[in-house]
Amino acid sequence: MISMKLNTWRTASAVMALTALAACGGEGGEGGGGDGGDAGEAGEAALSAPATPAPVPGAAPSPGGGEAGEAGAASAYVGLSGDQLTALRVQHLRGFAMVAAAVAADNQPDEAGVLVAQGILEVYDGAPDQFGSLNIEIIRAAADPAALNRAQRMQRLRAAEDEFNRVADTLDADDAITIARMVDIATGLYQLVVQGDLVDPIEYQHSMGAALAARAALTHGQVEMRRENQRAFSETQAALTRFVGLWPQATAPETPTPYRDVLAQSSRVRLALSPYL
């Protein structure tokens, strides 16, 4: 039974403690400076990673920036710098807007705004100078707490999507690395969705957003990736489609996909990506 509600994020004094994702971005061949180890080892390491306190709504972000503010995602940023780091930050924030669009499409415009606000707090506010030319005011408009109907919220979310696409086009980054790291983030956060008999719908949506953002990065890089290796692209696209399918709806179901299935499929995505990394 789902025992937590999305709107508790606004009033709770603290959120369930999150677990840091260990050893993400494992292929030694990642041009962004991955920290070694294969995908399977990364997933296994996540099982025993030490707990890290979650950000408290309204509190100051962690000084380490977005990767620390979104607990459970820190290791995905290891070894990245320059445009590659910016690309991951932008895509990470984009995930919140993407899952918000799915929620808004289900006629939950207020909840969609809360999701975007969560992304700004957890990913952007700690490192606002590391998002390239992103116009954050466009993203803040999508998070506006004012009562907006479905059409109004969707319009602002489309504007945010256009802004994310614009910034992505300005960056000299490897989309394959961004895809791999976003899959790591989605998997690390999903570990926190089912805790015994409890289902955390907030982490479900945050992890779903990361998965959607990984797919968006594949779309962005598809022309170059097809040119470089058509077979690897097709295998990556198929594996990533199955990965995203493990989130069957925009709100957490009573019985979500088991974490082990998400972990296993994330390894398959990374295996398919390996020719690029």
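The rules we used
- Residues numbered from 1 in each chain as written.
- Predicted model: local features only at pLDDT ≥ 70, side-chain atom pairs only at ≥ 80, totals over all residues.
- Heavy atoms only, no water.
- Helix = DSSP H or I, 4+ residues; strand = E, 2+ residues; numbered from the N terminus.
- Expected span 1.5 Å × (residues − 1).
- Bend = angle between axes of the 7 residues up to and from the residue.
- Polar contact = N/O pair within 3.5 Å; in protein donor to acceptor, adjacent residues only side chain to side chain.
- Buried < 20%, exposed > 50% of the residue type's maximum accessible area, 1.4 Å probe, protein only.
- Contact = heavy atoms within 4.5 Å.
- Core = buried A, V, L, I, M, F, W, Y, C linked by side-chain atoms within 4.5 Å.

Draft legend 1. How the structure looks around helix H8 (residues 201–228). Helix length check: H8, at 28 residues, gives a terminal C-alpha distance of 39 Å against a target of 40 Å (1.5 Å per residue), a fit within 8%. For H8, the principal kink sits at glutamine 222 and spans about 65°. The distance from a side-chain oxygen at the start of H8 to the backbone nitrogen of isoleucine 202 is 2.9 Å, and the residue carrying that oxygen is aspartate 200.

Draft legend 2. Local environment of helix H6 (residues 150–170). Between its first and last C-alpha atoms H6 spans 31 Å; for 21 residues at 1.5 Å apiece the expected length is 30 Å, and the two agree. Within the sequence span of H6, burial applies to Arg153, Met154, Leu157, Ala160, Glu163, Phe164, Val167 and Ala168. Those residues of H6 hidden inside the fold are in contact with helix H3 (82–105), helix H4 (109–124), helix H5 (136–142) and H8. Measuring from the backbone nitrogen of alanine 151 back to the side-chain oxygen at the start of H6 gives 3.1 Å, which picks out asparagine 149 as the cap.

Draft legend 3. Layout of the nonpolar core. In terms of nonpolar packing, the biggest core is built from 75 residues, with Leu93, Leu157, Ile179, Ile185, Phe243, Trp247 and Leu273 touching the most fellow members. Residue assignment for this core shows that the elements contributing at least two residues are H3, H4, H5, H6, helix H7 (175–190), H8, helix H9 (230–244) and helix H10 (259–273). Each residue touching leucine 157, except ones within four places of it in the same chain, is listed here: Ala97, Ala100, Ala101, Ala104, Ala112, Val116 and Ala142.

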